[in-house]
Amino acid sequence: MTARLSARLPVRRLVAVPTLAALLAVGACSGEPTAAGESQPPARITVQVGADPEEAAVYRSLVSAYQKAGGGEVELVTVARGDHLTRLSTAFTSGDAPDVFLINYREYAPFVQRGAVAPAGPLLERQGLKTADYYEEPLKAFSYQDALQCMPQNISSLVVYWNRALFRKAGLKPPKAGWSWAEFVATAKALSKGSVKGVGIDPSITRMAPFIWSSGGSIVDDDATPTRTTLHEPRARAALQAVVDLVGSGATPSKEQLAAQDVDEQFMTGKLAMFLSSRVEVPALREQRGLDFDVAGLPVLGTPASVLHSDAYCVASSSQHQDAAAKFIAYAVGQQGQTITALGGRTVPSLRSVATSPAFLSPSRPPASSQVFLDAIPQLRHTPVTPAWPEVEDVIGNQLQRAFQDGVPLDEVLAAIRAEADPLLRRR
Amino acid sequence: MVLGSLQRPLQPPPDGLDLWPNPAEWSNYSTVPRFMPLTRLLLNSLLLVVVAVPITVVVTSMAGLAIVTARGRTRRLLVGLSVFMLLVPAAALWVPRVVLLRALGLADTPLTVALLALAGTTPFYVLLFALACSRIPGALLEAATLEGLSPYGVWRQIALPLVRPAVVAVAALSGLFYWSTFMDPLTLVSSPANWPVALGLRSLSEMEAALYPIYLAAAVVVTAPAVLAFAVGQRSFFASVERP
């Protein structure tokens, strides 16, 4: 009976976490100011987000808190992440777009180029939102054609997740800020014992870009208006070669191991001592009973660098209720809204005052070193904001996978990337 | 799937599959409604199947008979048109469908997806019925017409009883289609309250690995009605496809 009761506890806990977050937030909402001078309630709006079920619960809490704070009616549409862009594209093409949608900066340029987004800057200004209170990097990433198009909700970066128990077992000290690539490789090799592998790195440009930038290279010829990729150039190639050499050393999971489990799942099960990802992994890792983990900054090849991970709320240009949409966004990225999403664990708040508050930094819940995400902010760069970028990312990812997992020579892969990706960039 | 649904959540993903989880976590099933409005979505799907399947059978069987009774070039043209429509990628139809249904004011209801049944759901079912009807002796259909039966009467009293295996097959296939489709409601139906259960299940599919037992419990619940329907109707199904 006791065993059965204890077995039920985790399920209650997982439901309780977002509920608690909602209650805390709703309770704290009593002091949230509403937009002044409005006599009528805002119009009903539709908000679409791509989210997994637990993240969806956080957004439901956010909407509920907004409505209790005097906001208007909101229909929240949460769809699976993999279906988010499909539904958005179809909805825009058919004239049935949501008033507000959440999107990553790497994917929003095509929507802006097609005139689907109403610039958020002026709309939010009317709601009294001050962009000076927010970190600059995501604001820059969501500025296109010299205007703030969408309002960033978070500012995550690439970090190293590390298993503290496996480090202790291997007799290794915790990673230090600014550790070198050589130290990183040596640590990965030292951790690779028996069935445990040292580090897992997904073959994608968002994982590789920080190392390329760190070694003084670049990923495209011009960040603002890219016309070709530059991964084949000496400094970028050297960084990629360093990663390929690490893969070749046997300190990373084999192709078969990766086919069986993704790197995050291998980390959860103790088969992997380190892996690279953004803040998005935190809720899942927190739920793993017995997993003792923390985060560390990326290793440095030359100068410190990391890559921005950020999502923002956009207003559809076809929306008939753009002011109501802006009011919702102002709340969602405001003190209360960002506190709710920060308590969910998945986001690094883009609002400075929340990012430096216990809602995000509290060491009582892992990772204890959440400050690492904030320390990386001055080093953040972002991948090009251009309509062709999602396709370019796919091309680079597929080719890097050949180099990392199939043993295809790096130069052959880089030539293929130039052949496939460069025409996409020139197609603009 | 059933064994996976009984695993304890919030545990590391298993390396293999236990023959029987110990302890079996039956409470995963009661947790599912906390992640999606299961009852409402199941009712939406049930309504969808109950409405769409009979319409599909009627429309496609009539169309199949029409192809068979057409003559010469018209017949070849209709068969060619059906095959051509079958070649059109489903993704190419998403936007036109949304535009059309919005213009008609029929988008965003629990039965919006059932409107596809008015177009036969897929030309494959039409071709299936055309094949089945082509085995009916032409003299029989002509005699029925000479006896004064209307085209409806020929379809209802002569053709339909003779193509019963095709009726059962199309009913089963379209029933499964409407029970499991999620792309059509994803693009056609705006409000989550009007979604069928398959789309709700789809949204759970991105659950974190630690919560997969709950996702699998939802999958069992969503699959069970289809399996149950087959178990109940299997005698009729096999009787219709067996040779006398």
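On a predicted model such as this, the values are computed, not experimentally measured, just so you know.

(A) Just the sheet that holds strand β13 (residues 306-309) of chain A, in detail. Residues and elements named next belong to chain A. Strand order in the open sheet made by the three strands is β8-β13-β15, with mixed pairing throughout. Where the open sheet ends on each side, the last strands, each with one partner, are β8 (156-157) and β15 (380-381). Alignment of β13 against β15, held across two bridges, turns out to be parallel. Across the sheet, S306 pairs through a bridge with L380, a residue of β15.

(B) Spotlight on the layout of surface pockets. Residues and elements named next belong to chain B. For the second largest pocket, the calculated volume is near 740 Å³. Lining the second largest pocket are 31 residues, and of these L93, R97, A119, T121 and P123 sit closest to its centre. Only α3 (38-69), α4 (72-87), α5 (91-103), α6 (123-134) and α10 (183-188) provide two or more residues apiece to the lining of the second largest pocket. Looking at the lining of the second largest pocket element by element, the count peaks at six residues for α5. Broken down by class, the residue content of the lining of the second largest pocket amounts to 25 nonpolar, four polar and two charged.

(C) Structural context of the interface of chain A and chain B. Between chain A and chain B, the residue contacts involve 39 residues of the former and 40 residues of the latter. Together, the buried faces of chain A and chain B total about 3400 Å²; carbon and sulfur atoms form 56% of this surface. Across the salt bridge formed by D96 of chain A and R102 of chain B, the nearest N and O atoms sit 3.0 Å from each other. At the boundary of chain A and chain B, one finds 10 residue pairs in polar contact (both at pLDDT 80 or more). Here the side of chain A that touches chain B takes nine residues from helix α1 (residues 2-28) of chain A, the largest share from any one element. Of the residues assigned to the side of chain A that touches chain B, the class counts are 13 nonpolar, 11 polar and 15 charged.

(D) Structural view of the packing of aromatic side chains. Residues and elements named next belong to chain A. Taken as a whole and judged by the stated rule, the model has 22 aromatic pairs over all chains. When the ring of F101 is compared with that of F111, the centres are 5.7 Å apart and the planes differ by 45 degrees; the resulting orientation is tilted. Here F101 is found in strand β3 (residues 100-104), whereas its partner F111 is found in helix α4 (residues 109-113), with 10 residues between them in sequence. The same class applies to F101 as to F111, namely buried. Centroid distance Y108 to F142: 4.9 Å. Interplanar angle 40 degrees. Geometry classified as tilted. Residue Y108 is found in the loop between β3 and α4, and its partner F142 is found in the loop between α6 (136-141) and β5 (143-144); the two are separated by 34 residues along the sequence. In this structure, Y108 and F142 share a single accessibility class: buried. Put simply, the rings of Y66, Y313, F328 and Y331 pair up and form one aromatic cluster.

Thresholds, definitions, all that
- Residues numbered from 1 in each chain as written.
- Chains lettered and ligands numbered in written order.
- Predicted model: local features only at pLDDT ≥ 70, side-chain atom pairs only at ≥ 80, totals over all residues.
- Heavy atoms only, no water.
- Pairing = 2+ DSSP bridges.
- Helix = DSSP H or I, 4+ residues; strand = E, 2+ residues; numbered from the N terminus.
- 1 Å grid on protein atoms, 1.4 Å probe; cavity = no way out; pocket = protein on both sides within 12 Å on 5 of 7 lines; lining within 4 Å.
- Points joined across faces, edges and corners; volume = space filled by probe spheres on them.
- Nonpolar A, V, L, I, M, F, W, Y, C, P; charged D, E, K, R; others polar.
- Contact = heavy atoms within 4.5 Å.
- Buried area = accessible area lost by both parts, 1.4 Å probe.
- Salt bridge = Lys/Arg side-chain N within 4 Å of Asp/Glu carboxyl O.
- Polar contact = N/O pair within 3.5 Å; in protein donor to acceptor, adjacent residues only side chain to side chain.
- Phe/Tyr/Trp six-rings, centres within 6.5 Å; stacked < 30°, edge-to-face > 60°.
- Buried < 20%, exposed > 50% of the residue type's maximum accessible area, 1.4 Å probe, protein only.

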